[in-house]
Amino acid sequence: MPLTTEEITLDHGFPGTHRVVMVHRFGPATVDAGAPRPKAYIQAALHADEIPGLLVAQHLLARLKAADAEGRVRGDIVLVPYANPIGLSQAVLGTAIGRFALSSGVNFNRDFPDLAAPVADAVLGRLGPDAAANVALVRRAALAAIAAWETATEADSLRKILMGLAIDADLVLDLHCDSEALVHAYTGTESWPDAGDVMAELGCRAVFLALESGGNPFDEACSGLWWRLRNRLTAGLSGTVPPLPAACLATTIELRGRRDVDDALAAADADALVRVLTRRGLLAGDAGVLPAPACQATPLAGVDRVRAPAAGAVLYTVALGDTVTVGQTVAEVVDPVTGTRHPARARTPGIVWARAEQRYTAAGAIITSIAGDRPLAEEGSGLLTAR
Ligand SMILES: [Zn+2]
């Protein structure tokens, strides 16, 4: 059984409502209590209508319970099996709406707080030559900064709860999915190649790197704290700079497409996560040989978001996993009035890793995504879709 299972209630809900985040914590209660040990934080479906992660979390929970019963838990493991109770309650005319808050239109995975400024204020002049002590100091300051955050909305209350659970972790895995997609992931440029084992175990077919995606999604709010803080503290400094490693590896893992909700896939993904936790010392056991990576990492800024040249019916001319060349037609959009077929073309060579599942599109909407290895856009310029 988990060490503890807790329900944390969201603030600022509508009258008569009561929403909770459930948190399972695993870890040795007494053995080496207080000694430094790795912490992993895993959450599913922050975008509440991205269902594959919900199923993976259940498979992972069963595996963690088994590991715990066998006394194999060595680190602190926090599992939030559904990260967004607000989104889970949203539907319009039979369709689940989990990416945006219906009441405000905000994306649940944007606008997490950037803690670099308050943490810098708290640790300024207190960092020393011991990197581990510096990391511990920063984590305490970050937890204090989150605790001091006075939220005003239910969505921010949720953000505060999730950040408070994750910000002191060594490893943060945020489980999402795309529309129709291969397994892929987003992580910080500074977290690469450290994240290579996570991506290899999951068989990621695309890995996107950025320091600033724009919008401060959950993973970047957790990991980016470290390089933003370091930049802030070292700006204008001369002489010896106190060591401050990027102590949180956070990644958004996209578990294929919305319809890829399947027990066999979820079990395999959970097995992969168990091997990640084992290899990183959170579970005792043999993680086996690390698989060869299924792709090279590419800049998030190199993603070609192919947009529909017109409104109409979408006929894809490429499949997920196809490699395309510049100028290649990836889809035709058929104008239902004139019958004209408008080609949508690739701007970059690379692998097709996502397509929109809807087969009717508005003009200008993103219908296909290609992983290019050369930047097409500026860092920090809204590299993620749909704020
Ligand atoms: Zn998502």
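In what follows, the structure referred to is the one given above.
Note that this is a predicted model, so its numbers are computed, not measured.

Considering the nonpolar core
The tendency in soluble globular proteins is for nonpolar side chains to be buried side by side. Grouped together as the largest cluster of nonpolar side chains are 46 residues, with contacts concentrated most on Tyr41 and Phe218. Counting only elements with at least two residues in this core, the list comes to strand E2 (20-26), strand E4 (76-80), helix H3 (116-123), helix H4 (131-147), helix H5 (154-166) and helix H7 (218-234). Those residues in contact with phenylalanine 218 that sit more than four places away from it in its chain are Tyr41, Gln43, Leu46, Asn109, Phe112, Leu162, Met163, Ala166, Val172 and Asp174. Grouped together as the second largest cluster of nonpolar side chains are 42 residues, Phe26, Ala40, Ala266 and Leu282 included.

Quick look at the pattern of salt bridges
Taken as a whole, this structure holds 26 salt bridges when the rule is applied. With its nearest N and O atoms 2.8 Å apart, the salt bridge here joins arginine 37 to aspartate 76. Pair noted here: arginine 37 is in the loop between E2 and strand E3 (39-44) and aspartate 76 is in strand E4, with a separation of 39 residues, a long-range link. According to the relative accessible area criterion, aspartate 76 is partly exposed, its value standing at 23%. Between aspartate 194 and arginine 280 there is a salt bridge; the shortest N-O distance is 3.2 Å. Here aspartate 194 is found in the loop between strand E9 (184-188) and helix H6 (196-202), whereas its partner arginine 280 is found in the loop between helix H8 (263-279) and strand E12 (297-299), with 86 residues between them in sequence. Within this structure, Asp49, Arg258, Arg259 and Glu357 form a network of salt bridges that share partners.

Focus on the sheet that holds strand E14 (residues 312-316)
Read from one edge to the other, the open sheet built from four strands follows the order E17-E16-E14-E19, with strand pairing classed as antiparallel. The open sheet has two edge strands, strand E17 (341-345) and strand E19 (360-361), and neither has a second partner. Examined bridge by bridge, strand E16 (residues 329-334) and E17 share five bridges and lie antiparallel to one another. Opposite glutamate 332, over in E17, you have proline 343 as the bridge partner.

Brief notes about the coordination of the zinc ion
Ligation of the zinc ion by protein atoms is provided by His47 (ND1), Glu50 (OE), Glu50 (OE) and His176 (ND1), these donors lying 2.0 to 2.5 Å from the ion. Coordination geometry of the zinc ion: the four donor atoms subtend angles of 55 to 143 degrees at the metal centre, consistent with an arrangement described as irregular. Here the donor residues for the zinc ion map to a single chain with the spacing H-x2-E-x125-H. Residue glutamate 50 is located in the loop between E3 and helix H1 (52-69), and its partner histidine 176 is located in strand E7 (residues 171-178); the two are separated by 126 residues in the primary sequence. For the pair glutamate 50 and histidine 176, a shared accessibility class is recorded, and that class is buried.

Details of the environment of alanine 45
Position of alanine 45 relative to the elements: it lies in the loop between E3 and H1. Note: C-alpha distance between alanine 45 and isoleucine 77 (32 residues apart in sequence) is 18 Å.

Some thoughts on H7
Taking 1.5 Å as the rise per residue, H7 with 17 residues should run 24 Å; its terminal C-alpha atoms sit 25 Å apart, in good agreement. Residue glycine 224 marks the point of greatest curvature in H7, where the axis turns by about 45 degrees. Burial analysis of H7 places 13 of its 17 residues in the buried class, the great majority of the element.

Criteria and cut-off values
Residues numbered from 1 in each chain as written. Predicted model: local features only at pLDDT ≥ 70, side-chain atom pairs only at ≥ 80, totals over all residues. Heavy atoms only, no water. Core = buried A, V, L, I, M, F, W, Y, C linked by side-chain atoms within 4.5 Å. Buried < 20%, exposed > 50% of the residue type's maximum accessible area, 1.4 Å probe, protein only. Helix = DSSP H or I, 4+ residues; strand = E, 2+ residues; numbered from the N terminus. Contact = heavy atoms within 4.5 Å. Salt bridge = Lys/Arg side-chain N within 4 Å of Asp/Glu carboxyl O. Pairing = 2+ DSSP bridges. Donors = N, O, S within 2.8 Å, 3.2 Å for Na, K, Ca; no water. Tetrahedral: all angles 85-135°; square planar, octahedral: opposite > 155°, others 65-115°. Expected span 1.5 Å × (residues − 1). Bend = angle between axes of the 7 residues up to and from the residue.

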